[in-house]
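# Structure assessment
Below, each chain spelled out in residue letters.
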Amino acid sequence: MEVETEPKDTIRWERKPRGFNWKVMTVTFTVMFGSSLTITMVFPFLPWMVRIFKIDGEFVTVEETGYYVGLVATAYFLGRFIGSYFWGVMSDKKGRRPTVIISGVGITLFTLLFGFTNTTTGLPWALVTRFCSGAFNGVVAAVKAIVSDISDDTNQAKAMVVISSAFSVGMTVGPALGGALAEPVRQYSDSFQEGAIRNFLEEFPYFLPSFVISALSGIATMIAYCKLPETRIKHKYTVLEEEHSADSELSSASPLQSDGRHGDTQHAAKLVSVHYNVERDNVQFSSGAKVEHDQGDNDDMEETDNDSGINNDDHGLSQGSDQSLDISELKDSENVATGLCALETSRKSYIIGL
């Protein structure tokens, strides 16, 4: 009975289960919470805010309130729709950590600036600041990419629950803070004595909720700056060369050899082992594809790293036809944030359409 053996060029995939990374997940929970606060904070007071706007010298009427509320609310999601793909690409190219930090700084800044909306600044200021706040919100896709980086099939569902919980808690707390802190002088008139603070809050009645929520978002960004490590996968290619005599190796010459090498037992050759390693915590992928390469071409041999994996076709390097896993599949994780942002973009287009 013939026993099947593993082809020499089969990629061996060794993977060890990893534990749940509570440190990173705690940081990502905080970042996601701070980001989601800014989404819903305006909903309780937005109908009253647009009533202080002047359009063509006249205050917005009751009949026009719904229209302008829709404009301001849509501006945020329109910004996220436009900026999502950019943040996904940045997360894949530059890393998860800088994406989260830069995005968090932008969210904090424009949320604070939104608080200066009043009759003077009016509708344009509200639209621009909310749009920019949404455009800078690249946290969602970056955080999901982090989860993909640090988890495996044994704990990925658990990690996604943590992220979803942070988003839900932020979406719940945001309206509560926005409603409780809007127009503080009118709601808590006894708590504010005559003075500069009272006059400032009367002039900018929606500054206090914007300030508090931007402060929480800023704290979350500072925590990410201090504690969040870079989790993006780094790929390394190693080409190991071993000299072998022609008598031992050329007897099994492959069709990839150059012309004239078949049957030439005196021609020196090199057996090249191409190993592809992915370093990510305690996960390692490796390939052992072996092909023969002429010693005379050794000086011209190049190692190429591109989106399709290792490419040395000009020198006879190939992965063979019996591979159980294509190397290019191992690199798909580099584009995980871009893919997540594509999904996020389609979801935002649906929300804007509503």
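Quantities reported herein were computed from a predicted structural model and do not represent experimental measurements.

Of the regular secondary structure elements, the protein holds 13 helices and nine strands. Split into buried and exposed, the 354 residues of the protein put 46% on the buried side. Across the protein, every contact between residues at least 6 apart in sequence was considered, and the portion connecting residues at least 24 apart equals 77%. Summed over all atoms, the accessible surface of the protein reaches about 18,300 Å², with 57% contributed by carbon and sulfur.

Okay, the packing of helix 1 (residues 22–40) against helix 10 (residues 207–227) next. Closest axis-to-axis distance for the helix 1/helix 10 pair is 8 Å, and the angle between their directions is 155°. Compared by their axis directions, helix 1 and helix 10 come out roughly antiparallel. For the pair helix 1 and helix 10, the crossing hand works out as left-handed. Of helix 10, the residues touching helix 1 (which contributes Lys23, Val27, Thr30, Val31, Gly34, Leu37 and Thr38) are Ile213, Leu216, Ser217, Ala220, Ile223, Ala224 and Lys227. Counted by class, the contact of helix 1 with helix 10 contains eight nonpolar, four polar and two charged residues.

Turning our eyes to something else, we now look at unusual backbone geometry. One non-glycine residue, Asp56, lies in positive phi territory at about 55°. Within the chain, Glu183 stands out as a residue other than glycine whose phi angle is a positive 45°. Tracing the sequence through the fold places Glu183 in the loop between helix 7 (156–181) and helix 8 (184–187).

Before going further, it helps to examine the side chain of Thr40. Looking at the element boundaries, Thr40 is found in helix 1. Note on Thr40: relative accessible area 4%, which makes it buried. Setting aside chain neighbours within four positions, we find Thr40 in contact with Gly170, Met171, Gly174 and Pro175.

This part takes up the nonpolar core. Within the largest apolar cluster, 21 residues are counted, with the highest numbers of intra-cluster contacts made by Met25, Val31, Val100 and Leu228. Of all elements in the fold, only helix 1, helix 4 (96–114), helix 6 (139–150) and helix 7 reach the threshold of two or more residues within this core. If near-sequence neighbours (up to four positions away) are discounted, Val100 is found in contact with Val31, Val139, Ala142, Ile146, Ala224 and Leu228. In this structure, Leu37, Val50, Phe53 and Phe114 belong to the second largest nonpolar core, which totals 18 residues.

Once that is clear, we can look at a nonpolar patch on the surface. Together, Leu216, Ile219 and Ile223 line one region of the surface with nonpolar side chains, adding up to about 220 Å² of accessible area. Tracing the chain through its elements places Ile219 in helix 10. Judged by its relative accessible area of 49%, Ile219 is partly exposed.

Mapping Arg130 onto the fold places it in helix 5 (residues 122–135). When its relative accessible area of 3% is taken as the criterion, Arg130 is described as buried. For Arg130, the side chain forms a polar contact with the main-chain oxygen of Ile39, separated by 3.2 Å. The contact partners of Arg130, leaving out residues within four places of it in the chain, are Thr38, Ile39, Met41, Val42, Val72, Ala75, Tyr76 and Phe114.

With that out of the way, let us pick up the confidence of the model for the protein. Looking at the protein as a whole, its pLDDT mean stands at 74, while 61% of the residues score no less than 70. A low-confidence stretch, residues 236–333 (pLDDT under 50), is modelled with 188 contacts involving residues beyond four sequence positions or located in other chains.

Moving on to the environment of Ile101. Relative to the assigned elements, Ile101 resides in helix 4. Residues within four places of Ile101 in sequence aside, it is in contact with Thr221 and Tyr225.

The next point concerns empty space enclosed by the protein. One pass over the full model with this rule turns up three cavities of 30 Å³ or more. Taken as a whole, the largest cavity spans an internal volume of roughly 50 Å³. Considering the residues around the largest cavity, the lining is formed by Val31, Gly34, Ser35, Val100, Gly104, Ile107, Val139, Ser217, Ala220 and Thr221. Of all the secondary structure elements, the ones that give two or more residues to the lining of the largest cavity are helix 1, helix 4 and helix 10. Grouping the amino acids of the lining of the largest cavity by side-chain chemistry returns five nonpolar, five polar and no charged.

Turning next to helix 5. One full turn of an α-helix is made of 3.6 residues, so residues set three or four places apart face in the same direction. Here helix 5 contains 14 residues, and its C-alpha end-to-end distance of 20 Å stays within 8% of the 20 Å for a straight helix at 1.5 Å per residue. Buried within helix 5 are the following residues: Gly122, Leu123, Ala126, Thr129, Arg130, Cys132, Ser133, Gly134 and Ala135. Packed against the buried residues of helix 5 are helix 1, strand 2 (54–55), helix 3 (62–94) and helix 4.

Calculation notes
Residues numbered from 1 in each chain as written. Predicted model: local features only at pLDDT ≥ 70, side-chain atom pairs only at ≥ 80, totals over all residues. Heavy atoms only, no water. Helix = DSSP H or I, 4+ residues; strand = E, 2+ residues; numbered from the N terminus. Buried < 20%, exposed > 50% of the residue type's maximum accessible area, 1.4 Å probe, protein only. Contact = heavy atoms within 4.5 Å. Areas by Shrake-Rupley, 256 points an atom, 1.4 Å probe, with all protein chains shown as cover. Axes fitted to C-alpha atoms, helices over the stretch in contact; angles between N-to-C directions. Parallel < 35°, antiparallel > 145°, perpendicular 65-115°, else oblique. Left-handed = near helix turned anticlockwise from the far one by under 90°. Nonpolar A, V, L, I, M, F, W, Y, C, P; charged D, E, K, R; others polar. Core = buried A, V, L, I, M, F, W, Y, C linked by side-chain atoms within 4.5 Å. Patch = residues over 30% accessible without salt bridge, like charges linked within 9 Å, V, L, I, M, F, W, Y side chains within 5 Å. Salt bridge = Lys/Arg side-chain N within 4 Å of Asp/Glu carboxyl O. Polar contact = N/O pair within 3.5 Å; in protein donor to acceptor, adjacent residues only side chain to side chain. pLDDT = per-residue confidence, 0-100. 1 Å grid on protein atoms, 1.4 Å probe; cavity = no way out; pocket = protein on both sides within 12 Å on 5 of 7 lines; lining within 4 Å. Points joined across faces, edges and corners; volume = space filled by probe spheres on them. Expected span 1.5 Å × (residues − 1).

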